[in-house]
Each structure stands twice: as structure tokens, then as C-alpha cells.
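Each chain, letter by letter, is given below.
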Amino acid sequence: MSGNIQGLDYRIKLAASDGSAVFAAAATFCAKAGTRFQSYNFPDMYLRHYDSELWIASNGGARPSDDPANSAADTTGVVQAPLG
């Protein structure tokens, strides 16, 4: 997860940790019932697969990734055993 509040676009990006508490909080997600992952920094937002990308999104907010259509399916996954 990257970005500061001013430049945050809510899209998940691969980034090396800078060692800061801000980075650690932004990169933390809490597992919830139904295998949903809630953002630590934004408790009303969850990891969501949207438009072939990974976002943190709410259900019905202002951004395109907040579109309520398919929100439940896009924010709920299945935990499986690792490969190998």
C-alpha cells in the first residue's frame, strides 16, 4: 500500500516499507467474517477487486471503485491452502 492522504488514490500498489508507522498502518488489513479484509486506516473500506485492479473501497461512495454493484462479491474471497 502506498501514498499519503493527499496523494492517496485508494488503489493497492506494491511498495517496499519505509519503516514508518504511517506505512505500517496503511498496509494493515483485518480479516472479517465472510473472508473480507477491512482497511485499518479506513474502517468503512475493504479490499476490493474492481476493474482488474485491487482497491480499498466502500459500498456506494463517490469513487468508481465504490460502485455498489457486485460489492459483496468483489470484497469477499475464499481462503485456500498455499500452493506447493
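Procedures and definitions
- Residues numbered from 1 in each chain as written.
- Predicted model: local features only at pLDDT ≥ 70, side-chain atom pairs only at ≥ 80, totals over all residues.
- Heavy atoms only, no water.
- Helix = DSSP H or I, 4+ residues; strand = E, 2+ residues; numbered from the N terminus.
- Rg over C-alpha atoms; globule rule 2.2 N^0.38 Å.
- Contact = heavy atoms within 4.5 Å.
- Lys, Arg positive; Asp, Glu negative; His and termini not counted.
- Charge placed at Lys NZ, Arg CZ, Asp CG, Glu CD.
- Phe/Tyr/Trp six-rings, centres within 6.5 Å; stacked < 30°, edge-to-face > 60°.
- Buried < 20%, exposed > 50% of the residue type's maximum accessible area, 1.4 Å probe, protein only.
- Lys NZ or Arg CZ within 6 Å of the ring centre and 35° of its normal.
- Pairing = 2+ DSSP bridges.
- pLDDT = per-residue confidence, 0-100.

**Quick look at the overall build of the chain**
Within the chain, the regular secondary structure consists of 2 helices and 4 strands. When the elements of the chain are put in sequence order from the N terminus, they spell out α-β-β-β-β-α. Whereas a compact globule of 84 residues would reach a radius of gyration of roughly 12 Å, the chain reaches 13 Å, a difference of no more than 12%. Principal axes of the C-alpha set define a box for the chain whose edges measure 40 × 35 × 20 Å. When contacts within the chain are restricted to residue pairs at least 6 apart in sequence, those whose partners lie at least 24 apart make up 32%. Computed over 6 positive and 8 negative side-chain charges, the inter-centroid distance for the chain is 4 Å.

**Quick notes on unusual backbone geometry**
One non-glycine residue with positive phi stands out, namely S52, at about 65°. One can find S52 in the loop between β3 (46–50) and β4 (53–57).

**Details of the packing of aromatic side chains**
Per the stated rule, a full pass over the model turns up 1 aromatic pair. Here Y10 and F42 contribute two aromatic rings whose centre-to-centre distance is 5.5 Å and whose plane-to-plane angle is 65°, an arrangement assigned as edge-to-face. Of this pair, Y10 sits in the segment before α1 (21–26) while F42 sits in the loop between β2 (36–39) and β3, and the two are 32 residues apart along the sequence. The exposure classification of Y10 matches that of F42, with both residues buried. Lying over the aromatic face of Y46, R36 brings its terminal NZ or CZ to 3.8 Å of the ring centre. Directly above the ring of Y10 sits R63, whose terminal nitrogen or CZ lies 4.0 Å from the centroid.

**So, the pairing of β4**
Where β3 meets β4, 5 bridges bridge the pair, whose relative direction is antiparallel. Of the residues in β4, the one forming a bridge with H49 is L54. Between β3 and β4, which pair antiparallel and follow one another directly, the connecting turn spans 2 residues, one of which, D51, has a positive phi of 55°.

**Digging into the side chain of T75**
For T75, the location among the structural elements is in helix α2 (residues 71–75). When near neighbours in sequence (up to four residues on either side) are disregarded, T75 contacts T35, R36, Y46, L47 and R48.

**Observations regarding the confidence of the model for the chain**
One rule of thumb: low pLDDT means the predicted coordinates there are not for detailed reading. Residues at a pLDDT of 70 or more form 90% of the chain, whose mean pLDDT is 86. Taken together, the stretch residues 1–6 has pLDDT below 50 and engages in 12 contacts with residues farther than four places along the chain or on a different chain.

**What to know about the environment of A81**
Within the fold, A81 resides in the segment after α2. Linking A81 and F42, residues 39 residues apart in sequence, is a C-alpha distance of 28 Å.

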